[in-house]
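Remarks on the overall topology
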Amino acid sequence: MLKFFTFKASNDPDPLSIVKLQNFDYIEGENINPQIIIESPNISLYCLDPQNQQAIFVETPLDIQLSNAPFFYQAQYEYAQRLIAVPLEDLPQLMTAIEEPIEKMIMIYSVGRCGSTLLSKVFNQIETVLSLSEPDVFSQIVGLRNPDGSNDTEIAQLLKICIYLLSKPALKGKQSCCVLKLRSFCIELGDLIYQAFPDSKVIFLYRNAEAVVQSSISAFVYMSTMLPTIAQNIDLYSRFIPLLKEYASDIDFTDSTAIDVYTTAWLSVMQRYRFLQQQGISTCTIRYENLVADPQKIVSAIFDYCGLSLAEVSHACQVFAKDSQSGSNLSKENLSKHEIQIPDILEIRQKVNKLLQKHPEIKTPDFWVPDTLS
């Protein structure tokens, strides 16, 4: 195992890009005892380096609580002091070295722009819960999974190891439950994560497609520059947005607002969640509009499903009065600085509905997922 002393690259990575070792400039350091990864609460899994068959961990200051960050992977990069590289073949041994693994696992999937960061913050108010918002190694693993499922066995084992390493208690004996909120397209791993953790609780958040598209246009100002790349690499991006290939001929890749791409991404996540439901996976389905209309009621139902104390609900719901993404590039303050021309809602509605008509089940932007809490 090697430790790397690091300094930040001269050009910071796009804060919304998927994590990779190349985000850092680094120099190679000394060999270290692998046990330090298990024993140190300030060392966390950052990414995989498939080319060199290693996993990269970051060491951050002891006084920085990464779980408080709106986006875990961005805080890891911002506060990283050193990197630790571990051969992938050594990860199973590291996993078994965890003396007190987390007892309860809760996964949060969503369509994006629908309150999932807020819900992660809700869980983070409970002392016995470790809630991480977007540890991004899972985004990498989405790209590593073969569409034909030919490497599912290896991917499932890798997911199990990564989850155990990320959920190692920051303070021994304090946290008995881990909540992992992932990026929207990571729902593509939902079946394998459930296979590895069959007792886990699964929460899904969704929102009206028109509202998601409108919010995405405001948030992801870089998307217009990516459209040509997406159009030229459909097979690659289809790993993250599976319906992209099927809908490619209906998508206007010259539209700088990317309405069609956002709609297809929303639809892909919704379709994948319906697949998970149909596989018999026990889930808790939350509609954003219901969550913000009556937080106490919905959070109470969520806590009840997760086996958490209802006495914690009132305290946890205090986060609804704050900006859950404060301090990040997606904070309300930062988004208000963007001089983005949002298309008229009628234009968004027309384009969204046109694409949805092609789908056999999810034909309207306000599609109500079966078994949604109300």
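Worth saying up front: this structure is predicted, and the values here are computed from it rather than measured.

**A word on the sheet that holds strand 9 (residues 201–206)**
Pairing between sheet strands relies on hydrogen bonds along the backbone, with the strands arranged either parallel or antiparallel. Reading across the sheet, the five strands line up as 7-8-6-9-10 and stay open at both edges, with parallel pairing between neighbours. Of all strands in the sheet, those bounded by a partner on one side alone are strand 7 (129–133) and strand 10 (283–287). Averaged over all adjacent pairs, the angle separating strand axes in this sheet is 15°, with direction ignored. Bridge count for strand 6 (residues 104–110) against strand 8 (residues 177–181) is five bridges, and the pairing is parallel. Looking across to strand 8, one finds that Ile-106 is bridged to Val-179.

**Details of helix 9 (residues 223–232)**
Of the residues making up helix 9, those classed as buried are Met-223, Leu-227 and Ile-230. All buried residues of helix 9 project into a common sector of 75° when viewed along the axis, lining one side. Along helix 9, exposed side chains directed more than 90 degrees from the buried face belong to Thr-225 and Gln-232. On its buried side, helix 9 packs onto helix 10 (234–237), helix 11 (243–247) and helix 12 (259–278).

**Some remarks on the side chain of Ser-131**
Examined against the element boundaries, Ser-131 turns out to sit in strand 7. In this structure Ser-131 comes out as buried when scored by relative accessible area, which is 0%. Only 2.8 Å separates the side chain of Ser-131 from the backbone oxygen of Ser-120, close enough to count as a polar contact. Sequence-distant contacts of Ser-131, that is, excluding residues within four places in its chain, are made with Ser-67, Ser-120, Phe-123, Asn-124 and Val-179.

**Concerning the environment of Thr-153**
Examined against the element boundaries, Thr-153 turns out to sit in helix 6 (residues 152–166). For the pair Thr-153 and Leu-192, spaced 39 residues apart in sequence, the C-alpha separation works out to 8.7 Å.

**Observations regarding the environment of Gln-271**
By the element assignment, Gln-271 lies in helix 12. Along the primary structure Gln-271 and Ala-248 are separated by 23 residues, whereas in three dimensions their C-alpha atoms are 17 Å apart. Gln-271 has contacts with Leu-243, His-359 and Ile-362, leaving out every residue within four places of it along the chain.

Definitions and cut-offs
- By convention here, each chain's residues receive numbers from 1 onward along its written sequence.
- At least 70 in pLDDT is required for a residue's local features to be given in this predicted model, at least 80 for side-chain atom pairs to be given and counted, and no such filter applies to totals for whole chains, interfaces and linings, which use all residues.
- Think of the side-chain values as coming from all heavy atoms in the structure, minus any hydrogens and water.
- Between any two strands, pairing holds if DSSP finds at least two bridges.
- The helix and strand labels rest on DSSP assignments: H or I over at least four residues marks a helix, E over at least two residues marks a strand, and numbering proceeds from the N terminus.
- For helices, the fitted axis covers only the stretch in contact; all axes are lines through C-alpha atoms, and the angles between them, taken along N-to-C directions, range from 0 to 180 degrees.
- Whether a residue is buried, partly exposed or exposed follows from its accessible area with a 1.4 Å probe, protein chains only, as a fraction of its type maximum: under 20%, in between, or over 50%, in that order.
- Throughout, the arc means that of the directions going from the helix axis to the C-beta atoms.
- Throughout, a contact is declared for two residues whenever any of their heavy atoms are within 4.5 Å.
- Nitrogen and oxygen atoms within 3.5 Å of one another constitute a polar contact, given that in protein one can donate a hydrogen and the other can accept it, and given that sequence-neighbouring residues count only through two side-chain atoms.

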